[in-house]
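Chains, contacts and geometry: an overview
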Amino acid sequence: MIGIADIEAAARLVEGHVVRTPTVPSPGLSELLGVPVTAKLELLQRTGSFKARGAAAKLLSLSEAERAAGVVAVSGGNHGIALAVMAAALDVKATVVMPRTAPARSIRLAEAAGASVRLTDGMDSAFELVPRLRDEGLTLVHPFDDPVVIAGQGTVGLELAEDADDLTDVIVSIGGGGLIAGVAAALRARRPGVRVWGVETAGAQAMSEALAAGGPLPVAVSSIVTTLSAPSVSRLTYDHAAALVEEVLVVPDREAVRGSLELAEHAKVWTEPAAGCLLPAARQVLDRVGGGARIGLVVCGGNVTHQEIAGWTERFGLD
């Protein structure tokens, strides 16, 4: 399990390399949900998502020989962008393996940062390619199954604990579980009374299915939210969620897209559906805990194009 000392060490390591993102009260979301809402704006992070934190922490922890040999990552989008950009900043050669379903913008950004991008038919085959690349001498920077990466993501929770001390409930999106593992570990140490809730989209239910089964297992991925579409969680992230997370909620893709539209209208921020799913989850949390809650939302990323949002809006009849 990741401890607060690990997260504090990661915070010192990445200082100056990542942005301390704003933690702000949102009058618009507070009015929408009927309770005080605070947003941790990780979409303003370098590369447009929290992933820069874990990537930076891992890269900075490598030996000179490991950096010289290069690194490899598997990603549905945001982790690949983050590794490509942070590796370029630290003069490390990066290879990013992405499924062909990854957003075209994410592929372009990773390539523009100088990474070598390898495309596969799906996330399963992307992960299957990694052992061969590791045999070539590359160091894997896993998107979530790495204690250093998790500690880096945990700096989000560390900042949230320092900047918003009156929250009762914090909601975090889950793909492979690295963000919620780190945030929950930080909040358990700094704000032990705060409940941490996870949210997944239907068709990307790796953590909720793992919790129901008593451990990680492969899941069928069908959600449009590719940045949450891990084929399974890891034992490491599962153990953190099982010990530290109140419940993992599941929302339909349609409601995640609606949430992105509501965040644009009421919070004035442009988010991907991986963050949009926070709002329908917040409504479920309020149904469970009542109106005295003070909600914190980790707005994890904003890497989505207006064409994608417009397409999903039309597809789901959200005009």
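Residues numbered from 1 in each chain as written. Predicted model: local features only at pLDDT ≥ 70, side-chain atom pairs only at ≥ 80, totals over all residues. Heavy atoms only, no water.

**What to know about the UniProt feature "domain: Tryptophan synthase beta chain-like PALP" (unreviewed entry) in the protein**
Just so we agree on the cut-off: UniProt positions are given in the numbering used here, feature names are shortened, and annotations may be inferred rather than shown by experiment. The secondary structure listing takes helices from DSSP runs of H or I that are at least 4 residues long and strands from runs of E that are at least 2 residues long, numbered from the N terminus.
When the UniProt feature table is mapped to this numbering, "domain: Tryptophan synthase beta chain-like PALP" (unreviewed entry) covers residues 15–301. Within residues 15–301, the helical portion is 48% and the strand portion 16%, while the C-alpha atoms at the span's ends are 20 Å from each other.

**Describing the pattern of salt bridges**
Spelled out, the test is: For this document, the term salt bridge refers to a Lys or Arg side-chain nitrogen within 4 Å of an Asp or Glu carboxyl oxygen. Buried residues are those whose accessible area, probed at 1.4 Å on protein chains only, stays under 20% of the maximum for their type, while exposed residues exceed 50% and partly exposed ones sit between those limits.
On inspection of all chains with the given rule, the structure shows 15 salt bridges. Linking Arg-190 and Glu-8 is a salt bridge whose minimum nitrogen-to-oxygen distance equals 2.7 Å. In this pair, Arg-190 is assigned in helix α9 (residues 178–190) and Glu-8 in helix α1 (residues 4–14), connecting sequence segments 182 residues apart. Asp-163 is paired through a salt bridge with Arg-20; the nearest N and O atoms lie 2.9 Å apart. Separated by 143 residues along the polypeptide, Asp-163 in helix α8 (residues 147–163) and Arg-20 in the loop between α1 and β1 (23–25) bring together distant segments of the chain. Judged by its relative accessible area of 38%, Asp-163 is partly exposed. Arg-20 sits in the partly exposed class, given a relative accessible area of 46%. Each of Glu-8, Arg-20, Glu-162, Asp-163 and Arg-190 takes part in one network of salt bridges that share partners.

**With respect to the pairing of strand β8 (residues 195–201)**
To keep things clear, this is the line we draw: A pair of strands is treated as paired once DSSP finds two or more bridges between them. By convention, orient the strands away from the viewer: a clockwise path from the first strand over the helix to the second makes the crossover right-handed.
Of all seven residues making up β8, six are buried, and the element is well covered by its neighbours. Across five bridges, the pairing between strand β7 (residues 169–173) and β8 is parallel. Counted as the bridge partner of Asp-169 is Arg-195 from β8. After leaving β7, the chain enters α9 and then returns to the sheet as β8, a path that is right-handed. Here β8 pairs with strand β9 (residues 247–251) via five bridges, running parallel. Among the inter-strand pairings, Glu-200 is bridged to a residue of β9, identified as Val-250.

**Let's talk about the confidence of the model for the protein**
Worth spelling out the cut-off: Values of pLDDT, ranging from 0 to 100, describe the predictor's confidence in every residue of the model.
Residues of the protein with pLDDT of at least 70 account for 100%, and the chain-wide mean is 96. Confidence, read as mean pLDDT per element, is least for helix α7 (residues 123–135) in the protein (86) and greatest for β7 (99).

**Looking at the pairing of strand β10 (residues 295–299)**
Among the five residues of β10, five are classified as buried, and the element is accordingly described as predominantly covered. Where burial is concerned, the two faces of β10 agree: the one with Ile-295, Leu-297 and Val-299 and the one with Gly-296 and Val-298 are both buried. Where β7 and β10 come together, three bridges link them in parallel fashion. Paired with Val-170 across the two strands is Gly-296, which belongs to β10.

**Thoughts on the sheet that holds strand β6 (residues 139–140)**
Quick reminder of the rule: For this analysis, residues touch if any pair of their heavy atoms sits within 4.5 Å. Here an angle of 0 to 180 degrees is reported between the N-to-C directions of two axes, which are lines fitted to C-alpha atoms, with helices fitted over the stretch in contact.
Across the sheet, four strands lie side by side as β5-β4-β3-β6; this open sheet has parallel pairing. Looking at which strands have only one partner, the edges of the open sheet turn out to be β5 (116–120) and β6. Alignment of strand β3 (residues 71–74) against strand β4 (residues 94–99), held across four bridges, turns out to be parallel. Paired with Val-74 across the two strands is Val-97, which belongs to β4. Taken strand by strand, helix α5 (residues 78–89) contacts β3 and β4, and its axis lies near 170° from that of β4. Strands β4 and β5 of the sheet are contacted by helix α6 (residues 104–112), whose axis makes an angle of about 150° with β5.

**What about the nonpolar core?**
The nonpolar side chains of soluble globular proteins are, as a tendency, buried together. Condition: The definition of a nonpolar core used throughout is a set of buried Ala, Val, Leu, Ile, Met, Phe, Trp, Tyr and Cys residues joined through side-chain atoms within 4.5 Å.
In this structure, Val-170, Ile-171, Val-172, Leu-179, Ile-295, Leu-297 and Val-299 are the most contacted members of the largest nonpolar core, which totals 75 residues. The element that contributes the greatest number of residues to this core is α9, accounting for eight residues. Dropping the residues within four chain positions of it, Leu-179 is found in contact with Phe-50, Gln-153, Val-156, Val-172, Ser-173, Val-298 and Cys-300. Core analysis: the next-biggest nonpolar cluster, separate from the first, contains 28 residues, Val-18, Ala-94, Ala-102 and Val-117 among them.

**Examining the sheet that holds β1**
The six strands are arranged β1-β2-β10-β7-β8-β9 in an open sheet whose pairing can be described as mixed. The open sheet terminates on both sides in strands that have one partner only, identified here as β1 and β9. Going across the sheet, the axis of each strand differs from the next one's by a mean of 25°, ignoring polarity.

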